[in-house]
Amino acid sequence: MSPHPLHSSSGVSDMDEMAATHAHAHAHAHAARAQVVVLPSARPSSPPRASIPVSSSAYAPPQTAAAKLPFSAAVSAPTSASGSITVAIASSGLGPEPSTLTEPVWDTVKRDLARIVSNLKLVVFPNPFREDPGKALRDWDLWGPFFFIVLLGLILSWSATAKKSQVFAVAFAVLAAGAIVLTLNVLLLGGNIIFFQSLSLLGYCLFPLDVGALICMLKDSVILKMVVVTVTLAWSSWAAYPLMSAAVNPKRKALALYPVFLMYISVACLIIAID
Amino acid sequence: MSTQQEVTENYANPKTCFFHVLFKASALAFYILSTLFVNNFVIIFVITVLLAALDFWVVKNVSGRILVGLRWWNEINDEGESVWKFECLDGESLARMNKKDSWLFWWTLYLAAAAWIILGIFSLIRLQADYLLVVGVCLSLSIANIIGFTKCNKDAKKNIQDWTRSALLSGSVRSHLQSAFGV
């Protein structure tokens, strides 16, 4: 039973899961008791199949612990024989191994928030993975990109004096479709990039442009706008450069990078033009 | 006896069922009512899509694993490859899942996607490209959850079959049954 979690789990997220699991052992014990309470109500739902084993497990907790092992062993053996490596079979809260299936909701929320914060740091602060760009945003998520695209659309539509709806729709469509097209462009150039990781990176790199758009909305000076947008544009491009350049071979690097810069430049033009 | 059991059977997790339905219903209701009475596209877009995203997260991380014992996610391994993970409880736990919870889970999942498709057809008929954008985002979130949980469900059914087979064939089950009858 133990080799399967090790084989199926990998990456930083699993380390976070293990840390969270250890930190909340008491919560798991509480969850286990709650599940024990749930069992009686679950029994009537399936009397024909599991009535006798369920009743025995409910009435005799020590036998439940004893009976659990052969069941788990029997279940895990066919799985390893079939060679299914994409399925991570996890025991329930009653079993010896807690997993993300039985963790409290708050643990899930905290893990997702920590992931978003760590991904944002890769863009805001100098990227520690510039030498190995594939490791950046390995723990990808699309919540940050979604938030930044909507935020940019909101800022632009607030700044616009007329046609707010069109401005928002155009901004959202350009950014969402642009990120997808850019990723497909890299894939079609024969690059080895992961679709969602690329989407995540392009979205997070919008953060500097979001800040620039916010500053431009608050200030009316055209010269200040030019300076701010230029700085944030350079920042976004600098943040996006490593992953995109490493994804394709050096001969085609320009073909992969040019559309990325073009998208960011078009966003910058939108920010400057809308007043 | 069976009739009485059917009457007394109820949802095992009513609170989770409530939140599972709440965000879907609120996203759909807000979109329909707003397009009828409000003309501000930006507000309609932002609130509807936020509700749909919140529903996506709740179904994927909370109600999916509580109501049907399934969870799915994607991660990138050390070799830089994208791996889809489908996680489900062991066969015994899956067999104990409440049938009404499972029924509500799957039906609301499909009905929400069907509702967004119908709304998308209406937007297409009236040539409203901007509202089609809202429907496109909400529909893609719904379909992602349907695909993920459908793949989970296949593995879960295999788990139940494996557990049933091992339970029938295992000798220790007989000894435990005998001891249970003895007690």
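Residues numbered from 1 in each chain as written. Chains lettered and ligands numbered in written order. Predicted model: local features only at pLDDT ≥ 70, side-chain atom pairs only at ≥ 80, totals over all residues. Heavy atoms only, no water.

(A) Broad picture of the overall build of chain A. Of the regular secondary structure elements, chain A holds 12 helices and 1 strand. Helices and strands appear in chain A in the N-to-C order α-α-α-α-α-β-α-α-α-α-α-α-α. Residues classed as buried in chain A amount to 44% of the 275 residues present. Within chain A, contacts between residues at least 6 apart in sequence are counted, and of these 71% link residues at least 24 apart. Working note: accessible area of chain A is about 13700 Å², and carbon and sulfur atoms make up 72% of it. (Helix = DSSP H or I, 4+ residues; strand = E, 2+ residues; numbered from the N terminus. Buried < 20%, exposed > 50% of the residue type's maximum accessible area, 1.4 Å probe, protein only. Contact = heavy atoms within 4.5 Å. Areas by Shrake-Rupley, 256 points an atom, 1.4 Å probe, with all protein chains shown as cover.)

(B) Structural detail: the overall build of chain B. Summing up its helical and strand segments, chain B has 7 helices and 2 strands in all. Listing every helix and strand of chain B by position from the N terminus yields α-α-α-β-β-α-α-α-α. Only carbon and sulfur atoms are counted for the fraction: they give 68% of the accessible area of chain B, which is about 9200 Å².

(C) Structural context of the UniProt feature "transmembrane region" (unreviewed entry) in chain B. In this numbering, the UniProt entry assigns the feature "transmembrane region" (unreviewed entry) to residues 28–58, 103–125 and 131–150 of chain B. Annotated as 100% helix and 0% strand, the span residues 131–150 of chain B places its first and last C-alpha atoms 28 Å apart. (UniProt positions renumbered as here; feature names shortened; annotations may be inferred.)

(D) Molecular detail of the side chain of Thr108 of chain B. All names here are of chain B. In this fold, Thr108 is placed in helix H5 (residues 99–125). Within the structure, the side chain of Thr108 is placed 2.7 Å from the side chain of His20, a separation counted as a polar contact. Beyond its immediate sequence surroundings of up to four residues, Thr108 is in contact with His20, Val21 and Lys24. (Polar contact = N/O pair within 3.5 Å; in protein donor to acceptor, adjacent residues only side chain to side chain.)

(E) Broad picture of the packing of helix H2 (residues 14–37) of chain B against helix H3 (residues 41–67) of chain B. Residues and elements named next belong to chain B. Interaxial distance between H2 and H3 falls to 9 Å at its minimum, and their mutual angle equals 165 degrees. Considering their axes alone, H2 and H3 lie roughly antiparallel with respect to each other. H3 is crossed by H2, and the crossing has left-handed handedness. Class assignment of the residues belonging to the contact of H2 with H3 gives a composition of 16 nonpolar, 7 polar and 2 charged. (Axes fitted to C-alpha atoms, helices over the stretch in contact; angles between N-to-C directions. Parallel < 35°, antiparallel > 145°, perpendicular 65-115°, else oblique. Left-handed = near helix turned anticlockwise from the far one by under 90°. Nonpolar A, V, L, I, M, F, W, Y, C, P; charged D, E, K, R; others polar.)

(F) The packing of helix H8 (residues 164–188) of chain A against H3 of chain B, seen in detail. Contact geometry of H8 of chain A with H3 of chain B gives a least axis separation of 8 Å together with a crossing angle of 40 degrees. As far as their axial angle goes, H3 of chain B and H8 of chain A are oblique. Contacts from Lys164, Ser165, Phe168, Ala169 and Phe172 of chain A of H8 of chain A reach H3 of chain B at Phe41, Val42, Phe45 and Val46 of chain B. Across the contact of H8 of chain A with H3 of chain B, the residue classes tally to 7 nonpolar, 1 polar and 1 charged.

(G) Local environment of H2 of chain B. Counted at 1.5 Å a residue, the expected span for H2 of chain B with its 24 residues is 34 Å, and the 33 Å between its end C-alpha atoms agrees. Among the residues of H2 of chain B, Thr16, Cys17, His20, Phe23, Lys24, Ala27, Leu28, Tyr31 and Ser34 of chain B are the ones counted as buried. (Expected span 1.5 Å × (residues − 1).)

(H) Representation of the pattern of salt bridges in the model. Residues and elements named next belong to chain B. Counted under the stated rule, the structure contains 1 salt bridge over all chains. Measuring nitrogen to oxygen at the nearest pair gives 3.2 Å for the salt bridge that ties Lys24 to Asp55. One end of the pair, Lys24, is in helix H2; the other, Asp55, is in helix H3, and 31 residues separate them in sequence. We classify Lys24 as buried; its relative accessible area is 9%. (Salt bridge = Lys/Arg side-chain N within 4 Å of Asp/Glu carboxyl O.)

(I) Spatial organisation of the UniProt feature "transmembrane region" (unreviewed entry) in chain A. Residue and element names in this part refer to chain A. Within this numbering scheme, the UniProt entry marks residues 142–160, 167–188, 194–215, 222–243 and 255–274 as carrying the feature "transmembrane region" (unreviewed entry). Helix makes up 89% of residues 142–160 and strand 0%, and the two end C-alpha atoms of the span are 27 Å apart. Across residues 167–188, helical content stands at 100% and strand content at 0%; the span's end C-alpha atoms are separated by 31 Å.

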